[in-house]
Amino acid sequence: MSEKMTVDFLDALSNLESETNSHISRHELECFIAGDLVKERRGEIEAQLLIDAPLKARVERLFAVERAFQTKMPFARFEKDFESRASAQNSSPEKVDQRGENSLLQRFMDWAASPSAIGGSALVGAAALFFLVASPGDETGLRSKGAKEGVKISFYVQSEKGARLGVDGEELREGERLQFALHDDLRARAMVVVGIDGNGQVSIITSESFAEKTNTTKGGVAPKKRLLTESLVLDDTVGAERFFVIYSEGSLAELQKAAQTAAEEIVASHKDLEKVEVLDVKSLSQSSIHIVKTAGSKRKGSPAALSAP
Amino acid sequence: MKKSTESTLSEKEALREFSERYAARVYGRCRYIIHDEQEAEDAMQDVFIKAMKNLDGFRQEAAPLTWLTRIATNHCLNIIRAKRAPWHEKYKTEVKVRGEGENSAAIRFAEDDQLLQLCLRQVDKDLAEIAIYHFVDEMNQAEICKLVNVSAPTLRKRLRSFIDLSRDAIRQEMPNVDFRPALVCR
């Protein structure tokens, strides 16, 4: 006689009856990620993320789903499909194909961004993600080295509407502004962020000495990530561009030199920036992310240089 | 950072932001109900087009994503009901194949999810919609009541109805399925 399967989910009424107010639904987390929650509720969830590892894991899984989708359907393809389908269904040209300030699309975005809207949040990704990497009780000792042991560098893409968390490997254009966020290695005495662009240009984006910091008292990774004050406006170079963050227990000068040399070796050996993830540098830990710059500018007249906000 | 003085985005920028904020989630809903990847992509675009056309019907007390989710759920439920795809043979085959060599936890999750998806095809759209919000979106009573504009007792009654109908449908096709004893609804 075959073993009977039991089905649990159909007894979910027991959950319905005993619901507590602390439950954060999957849908609400999706609204949180989309930036649709009111400020107060967003703040509550951000605070909860600081102390609730399972909740953080849930949000990270949702972000992973989003990243997978964006990889599968980059904006160029979405736009093409949308316009194609809208044209095919065009029974009312003035409603679907209307262009300009009064188009329904524009009205929808204006509403979603307005303070009077229930959402009203311009910071789709930045505020939400700022707390996501806080790992409660995470100071359990030294973290393992290497990029795969934990993301230490991420970036936000700034726009007129605010900031959103960037996706590793996403396509960006000239004129878009990036701001990096780091999850510091508390053991380090020096840190450097180095970039390699599609033309093989190597740049030290920023560097810091941690000689005076509390890295001698605790190991592990900083519980919160911090935003760097510098921002980077993308120039017209196309192709993959990668940014490495490297933490070292040596001096800053040595690290800068080693990082520059290692990055130049990457360029000289024509390694694929979409695949290489670490520099050949003696380090405590390092991590990297990359973008793919495509042709076409976001806006005119943007300076292709570092600038403070 | 230099602050823009422009109050509106270009249409391309608006569409880009729109897709970045909502496309993944709307697609996820469509894919969950429809299964077929291409059809889900088409459905996602149709949902956005519908939303654009019906902006005047947007209830401003709901979050945009909530509104879009509802449109997507109903749109996709209509699609699968129109197709009335046969499900039980495909399900049996998949479970049997999957049951060989995999751990029980993985099978359990897959089975429950598949069972839910299959049940959605067997009940009225109103019941299916509520079931999705409860089982998939994990919405609480208050959220669902507000979204579909029903009272809490009505919600519990409809959910109970979904459970009973689903059990009957499953029992007819899968005699070796066992359910826990049903709870009495207050």
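Residues numbered from 1 in each chain as written. Chains lettered and ligands numbered in written order. Predicted model: local features only at pLDDT ≥ 70, side-chain atom pairs only at ≥ 80, totals over all residues. Heavy atoms only, no water.

**Student:** How should the overall build of chain A be read in this particular structure?
**Tutor:** A tally of helices and strands in chain A yields nine helices and eleven strands. Buried residues in chain A amount to 48% of all 309 residues. Looking at chain A alone, contacts between residues at least 24 apart form 76% of all its contacts between residues at least 6 apart. With the model as given, the accessible surface of chain A reaches about 14600 Å², and the carbon-plus-sulfur share is 51%. (Helix = DSSP H or I, 4+ residues; strand = E, 2+ residues; numbered from the N terminus. Buried < 20%, exposed > 50% of the residue type's maximum accessible area, 1.4 Å probe, protein only. Contact = heavy atoms within 4.5 Å. Areas by Shrake-Rupley, 256 points an atom, 1.4 Å probe, with all protein chains shown as cover.)

**Student:** Explain the nonpolar core to me, please; I cannot follow it from the model alone.
**Tutor:** Grouped burial of nonpolar side chains is what soluble globular proteins tend to show. The biggest cluster of nonpolar side chains holds 74 residues, and the ones touching the most others in it are Phe78(A), Cys30(B), Met44(B), Phe48(B) and Phe162(B). Of the residues forming this core, the biggest block, eleven residues, is contributed by helix H1 (residues 11–34) of chain B. Not counting residues within four places of it along the chain, the set of residues in contact with Phe48(B) comprises Phe78(A), Phe82(A), Phe18(B), Tyr22(B), Ala23(B), Val26(B) and Leu68(B). Counting 21 residues, the second-largest nonpolar core is a separate cluster that includes Met191(A), Phe210(A), Leu234(A) and Ile291(A). (Core = buried A, V, L, I, M, F, W, Y, C linked by side-chain atoms within 4.5 Å.)

**Student:** So what exactly am I meant to see when it comes to helix H4 (residues 53–72) of chain A here?
**Tutor:** In an α-helix, one full turn covers 3.6 residues, which means residues spaced three or four apart are oriented alike. Residue and element names in this part refer to chain A. Across its 20 residues, H4 extends 29 Å between first and last C-alpha, which sits within 8% of the 28 Å expected from 1.5 Å per residue. Listing the buried residues of H4 in full gives Leu-55, Lys-56, Val-59, Leu-62, Phe-63, Glu-66 and Phe-69. In an axial view of H4, the angular spread of the buried residues amounts to 140°, which keeps them on one side of the axis. Exposed residues on H4 whose side chains face more than 90 degrees from its buried face are Pro-54, Arg-61 and Thr-71. (Expected span 1.5 Å × (residues − 1). Arc of directions from axis to C-beta.)

**Student:** Help me understand the environment of Ala253(A) in this model?
**Tutor:** With respect to the helices, strands and loops of the structure, Ala253(A) is situated in helix H9 (residues 252–268). Placed 46 residues apart in sequence, Ala253(A) and Ser207(A) show a C-alpha to C-alpha distance of 9.5 Å.

**Student:** Would you explain helix H7 (residues 141–148) of chain B in this entry?
**Tutor:** Residue and element names in this part refer to chain B. Residues of H7 that are buried include every one of Gln-141, Ile-144, Cys-145, Leu-147 and Val-148, and no others. Viewed along the axis of H7, the buried residues span an arc of 165°, placing them on a single side of the element. Residues of H7 that are exposed and point more than 90 degrees away from the buried face comprise Ala-142 and Lys-146. Structurally, the start of H7 carries an N-cap: the backbone nitrogen of Ala-142 is 3.2 Å from a side-chain oxygen of Asn-140. (Polar contact = N/O pair within 3.5 Å; in protein donor to acceptor, adjacent residues only side chain to side chain.)

**Student:** Would you mind going over the pattern of salt bridges with me for this structure?
**Tutor:** Oppositely charged side chains can form a pair if their charged atoms are brought close together. Residue and element names in this part refer to chain A. Summed over all chains, the structure comprises 22 salt bridges over all chains. Taking the shortest distance from any N to any O, the salt bridge between Arg-42 and Glu-46 comes out at 3.8 Å. Placement of the pair is Arg-42 and Glu-46 together in helix H3 (residues 39–51), with a separation of four residues, close to one helical turn. The pair Arg-42 / Glu-46 is uniform in exposure class, with both members buried. A salt bridge links Arg-173 to Glu-176, with the nearest nitrogen and oxygen atoms 3.4 Å apart. (Salt bridge = Lys/Arg side-chain N within 4 Å of Asp/Glu carboxyl O.)

**Student:** In this structure, what is going on with the confidence of the model for chain B? I would like to understand it.
**Tutor:** Fine structural detail should not be taken from predicted coordinates in areas where pLDDT scores are low. Residue and element names in this part refer to chain B. Looking at chain B as a whole, the pLDDT averages 75, with 69% of positions reaching at least 70. The secondary structure element of chain B with the lowest average pLDDT is helix H4 (residues 88–98), at 51, and the one with the highest is helix H6 (residues 125–136), at 90. Scored below 50 in pLDDT, residues 96–109 shows seven contacts in the model against residues more than four places distant or in partner chains. Scored below 50 in pLDDT, residues 182–186 shows eleven contacts in the model against residues more than four places distant or in partner chains. Interface scoring of the predicted complex returns ipTM 0.79; its pTM is 0.56. (pLDDT = per-residue confidence, 0-100.)

**Student:** Could you clarify how one ought to interpret the environment of Glu265(A) in this entry?
**Tutor:** Its location among the elements puts Glu265(A) in helix H9. Through-space distance from the C-alpha of Glu265(A) to that of Asp280(A) is 8.8 Å; in sequence the pair is 15 residues apart.

**Student:** When you look at the packing of helix H5 (residues 75–88) of chain A against helix H2 (residues 37–53) of chain B in this model, what are you seeing that I'm missing?
**Tutor:** The packing of two helices is summarised by the inter-axis angle and the distance between the axes. At their nearest, the axes of H5(A) and H2(B) sit 10 Å apart, and the two run at 70° to each other. When the axes of H5(A) and H2(B) are compared, the pair comes out roughly perpendicular. Here the hand of the crossing between H5(A) and H2(B) comes out right-handed. Contacts between H5(A) and H2(B) involve Arg77(A), Phe78(A), Asp81(A), Phe82(A), Arg85(A) and Ala86(A) from the first element and Glu41(B), Asp42(B), Met44(B), Gln45(B), Asp46(B), Phe48(B) and Ile49(B) from the second. Residues that form the contact of H5(A) with H2(B) fall into these classes: six nonpolar, one polar and six charged. (Axes fitted to C-alpha atoms, helices over the stretch in contact; angles between N-to-C directions. Parallel < 35°, antiparallel > 145°, perpendicular 65-115°, else oblique. Left-handed = near helix turned anticlockwise from the far one by under 90°. Nonpolar A, V, L, I, M, F, W, Y, C, P; charged D, E, K, R; others polar.)

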